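Single-letter residue listing:
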Amino acid sequence: MKKRASEIAARGATGLGPAPFAPRPAPERAEKGAPASVPPRYPLEPAPRALARAREFWGRFRVHYFSLFGLVALAFIGLAVSLGPVLYGIDPFEIVSAPFMEPGGGNPLGTDYVGRDVLAGVLSGGRASLSVGFFAALFTGAIGLSVGSLAGFFGGALDAFLMKVTEFFQVLPTLLFAMVLVTIFGPTLWMETLAIGLASWMSVARLARAEFIKIKELDYVKSAVSAGAAPRRLIFKTILPNALPPILVAAAFDVSFAILLEGSLSFLGLGDPNQMSWGLIIGQNKNYALDAWWTIFFPGFAIFLSVLAVCLVSDGLNHALNPRARKSFS
Amino acid sequence: MRAITLVARKLLNAALLLLAVIVLNFILIHMAPGDPATVIAGEMGGASAETMAEIRARYGLDQPLATQIFVYARRVATGDLGRSYFFNQPVKDLILRRVPPTLLLMISALTLAALVGVALGLVGAAWPHGPTAHLITFFSLAGYAAPVFWTGLTLMLAFGRFWPIFPISGMYDVVASRHGLSLALDVLRHLALPCLTLTLLNAAQFSRLARASLLENLSMDYIRAARAKGLSEFQVLCGHALKNALLPVVTMAGLQFGPLLAGAVVVETVFGWPGLGRLVFDSVLRRDYPVLLGILFFSALLVVAANLITDALYHKIDPRTRRLF
């Protein structure tokens, strides 16, 4: 019995490596005369740990069927958008047939008000919508994390100032602010991305600040402080790794928000006119919605499905990264 | 006394925020590519040399930047948001004329969304597991994920073509009477679809929040006490838990004002509702910067006002916040 217990301790209950609190074998003493290198008291275990973590993450993620569905849908959309235009081979801007052809026949999803193929538009339109969504969320995360972590870590006057700035940006309605920025600085994909990022980083900043303030007070951080760790080390090595999971979830969720915002911008005619995008197709055909439902329905459904998929995946991330978190869709 | 200082501080904070918006507007005008006077006149190419000279004089564009920003801030503070050279009218008048329809749309949608959301939240909290919960979860997710313009156009298709019971565009019927009750009914009929679109968008978030907040309250001791007293589950839910669970909902309603305004921009564009959103859309097309920046300022004003009202309301309904002062 005793042997079995020690065996479990050595292999870990999961069989993936030593259990966190398993007694470790004492480091071998350096022999006399050997070079005076002190072996690390707590051996670092890079590779197996990372693998175990990834497996644990996947184990928690895959039990949520909705999140799995989201992942599959996202993979499907990603494939369709990246390979679809090449395989389908029709230029989304080219007039291929008479306007308002119904779905079926030569054009699987019909044609729009000038006779362009809707399927080609939906396939290549996703590139702009999804990449703007992704990069805008990246930008959002970068600004939010910098502002939030600085405010939370240093506190005091810097915190007060940065939170005032955050409050200021929250007063501006997101879409309206992004619209003004794009109108003034010109409708390019990069400007759209920047505008969306600049208009929506505030919630990440607040979240990052709250996490930093919470973690700053924990004992292990205090011990690092008393050991003389510099602020930079404290921020990047001590606090950030533990503050990151909820922020990652928020950033993933922000991708969905950015996709919606990009859709609205290009629907309103503020997207890059040389780039097909889902919102653009709907915006250009909106006056004929009553006569040609397919020009509205399919691109809109593409946005709907991508946003839904991103939401579900971010929810799964939440379950897998923050097992004890409350906030969740299901 | 402390209450007065608190109110004063809140007001000062609001004023500072608005001042910052003014500065932002100023920076945006100057950062835009091209001469600020051209930016202000709108890039229509139709502005005469006299108009340009007049703009330069009015905005003090020939003076140093530091002076200009003071001139600009003073003008905005006295209610002068500039002039739309497309409409040849002061921006303030243009905006104020468009405010009532937008507020009507926003407030009716917000009220409906809060009511529907709380009702759904109650149902979700009463049966926290099983198909009802899944259905409500799905509804709130779908409500978030569907782009506003898509929902709007789909509703337009459904109620404009397949089952035409509501008008799909505008705010008035051309032939309808413009007086009294018939006018109100006419506007209400036109309001139905835009309002429904905005409600669908927002009810989802309210239902999620209300359900979470109710479930949290239901696990507290005072609920156990209420159940121990022998109250029916309905009384526990609607009489006890609901009152406390509404606090975050009120906060949310206040915070939703900005996003709601953004939603209104899109919805008004879809349904041709003659409000601020429609004005934004038209100004973007015409590059009418004074109107655009004026609306940015005005919407910030609305949001700040909504936040102040939420604070006051919160103070009123939550006795715990009152004890602090």
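Residues numbered from 1 in each chain as written. Chains lettered and ligands numbered in written order. Predicted model: local features only at pLDDT ≥ 70, side-chain atom pairs only at ≥ 80, totals over all residues. Heavy atoms only, no water.

Trainee: Sorry, what's going on with the overall build of chain A here?
Mentor: Assigned secondary structure in chain A consists of 12 helices and 0 strands. Listing every helix and strand of chain A by position from the N terminus yields α-α-α-α-α-α-α-α-α-α-α-α. By residue count, 47% of the 330 residues in chain A fall in the buried class. In chain A, once contacts between residues fewer than 6 apart in sequence are set aside, the share between residues at least 24 apart is 67%. (Helix = DSSP H or I, 4+ residues; strand = E, 2+ residues; numbered from the N terminus. Buried < 20%, exposed > 50% of the residue type's maximum accessible area, 1.4 Å probe, protein only. Contact = heavy atoms within 4.5 Å.)

Trainee: Whenever I open this one, a nonpolar patch on the surface confuses me. Can you help?
Mentor: All names here are of chain B. On the surface, L12, L16, L19, V23, I27 and M31 cluster together into a nonpolar patch covering about 540 Å² of accessible area. Looking at where L19 falls in the secondary structure, it is placed in helix α1 (residues 2–31). Classification of L19 as partly exposed rests on a relative accessible area of 42%. (Patch = residues over 30% accessible without salt bridge, like charges linked within 9 Å, V, L, I, M, F, W, Y side chains within 5 Å. Areas by Shrake-Rupley, 256 points an atom, 1.4 Å probe, with all protein chains shown as cover. Salt bridge = Lys/Arg side-chain N within 4 Å of Asp/Glu carboxyl O.)

Trainee: Is there a simple way to explain the interface of chain B and chain A in this structure?
Mentor: The accessible area lost on association of the parts is a frequent measure of interface size. Contact with chain B, which involves 46 residues of that partner, is made by 47 residues of chain A. The junction of chain B with chain A conceals about 4,300 Å² of combined surface from both sides, 81% of it contributed by carbon and sulfur atoms. Looking at the side of chain B facing chain A, the largest losses of area belong to Y144, F149 and W150 of chain B, adding up to 17% of the total buried there. On the surface where chain B and chain A come into contact, there are 0 salt bridges. On the surface where chain B and chain A come into contact, there are 6 residue pairs in polar contact (both at pLDDT 80 or more). (Buried area = accessible area lost by both parts, 1.4 Å probe. Polar contact = N/O pair within 3.5 Å; in protein donor to acceptor, adjacent residues only side chain to side chain.)

Trainee: Please clarify how the nonpolar core should be interpreted in this entry.
Mentor: Soluble globular proteins: nonpolar side chains tend toward being buried together. Among the nonpolar cores identified, the biggest contains 149 residues, and L172 and M179 of chain A together with I95 of chain B are the most heavily contacted of them. Broken down by element, the residue count for this core peaks at 13 residues, all from helix α5 (residues 91–126) of chain B. Viewed by domain, this core spans two of them, domain 1 (2–77) and domain 2 (95–324) of chain B, each represented by three or more residues. Sequence-distant contacts of I95 of chain B, that is, excluding residues within four places in its chain, are made with L81, L276, L279, G294, I295 and F298 of chain B. F212, I215, V221 and L234 of chain A belong to the second-largest nonpolar core, a separate cluster that totals 13 residues. (Core = buried A, V, L, I, M, F, W, Y, C linked by side-chain atoms within 4.5 Å. Domains from an automatic or database assignment.)

Trainee: I keep staring at the domain arrangement of chain B and nothing clicks. Help me out?
Mentor: Residues and elements named next belong to chain B. Annotation of chain B at the domain level lists domain 1 (2–77) and domain 2 (95–324). For the pair domain 1 and domain 2, the interface holds 1 salt bridge. Residue K10 is joined to D311 by a salt bridge in which the shortest nitrogen-to-oxygen separation is 2.9 Å. Between domain 1 and domain 2 we count 2 residue pairs in polar contact (both at pLDDT 80 or more) in total. Those elements that place two or more of their residues in the side of domain 1 that touches domain 2 are α1 and α2 (36–41). A per-element tally of the side of domain 1 that touches domain 2 places α1 first, with 11 residues. A class-by-class count of the residues in the side of domain 1 that touches domain 2 yields 13 nonpolar, 2 polar and 2 charged. (Nonpolar A, V, L, I, M, F, W, Y, C, P; charged D, E, K, R; others polar.)

Trainee: Would you mind showing me how to read the packing of aromatic side chains here?
Mentor: The geometry of an aromatic ring pair comes down to the distance between the two centres and the angle between the two planes. Following the criterion strictly, the structure yields 14 aromatic pairs over all chains and no others. Seen in terms of ring centroids, F134 of chain A and F135 of chain A are 5.4 Å apart; in terms of plane orientation they differ by 80 degrees. Their pairing is edge-to-face. According to the relative accessible area criterion, F135 of chain A is partly exposed, its value standing at 38%. A ring pair is formed by F168 of chain A and F169 of chain A, whose centres lie 5.3 Å apart and whose planes are at 70 degrees; its orientation type is edge-to-face. Members of the aromatic cluster, joined through ring pairs, are F297, F298, F301 and F304 of chain A together with W150 of chain B. Across the ring face of F267 of chain A, the terminal group of K286 of chain A is positioned such that the distance to the ring centre comes to 5.5 Å. (Phe/Tyr/Trp six-rings, centres within 6.5 Å; stacked < 30°, edge-to-face > 60°. Lys NZ or Arg CZ within 6 Å of the ring centre and 35° of its normal.)

Trainee: I keep staring at the side chain of T151 of chain B and nothing clicks. Help me out?
Mentor: Among the secondary structure elements, T151 of chain B is positioned in helix α7 (residues 148–162). The residues contacting T151 of chain B, other than those within four sequence positions of it, are A146, T197 and L200 of chain B.

Trainee: How should the pattern of salt bridges be read in this particular structure?
Mentor: Opposite charge on two side chains permits them to pair, given that their charged atoms come into close proximity. All names here are of chain A. Summed over all chains, the structure comprises 6 salt bridges over all chains. In this structure, the salt-bridge partner of E167 is K164, at a minimum N-O distance of 3.6 Å. Pair noted here: E167 and K164 are both in helix α5 (residues 156–171), with a separation of 3 residues, about one helical turn. Classification of E167 as partly exposed rests on a relative accessible area of 23%.

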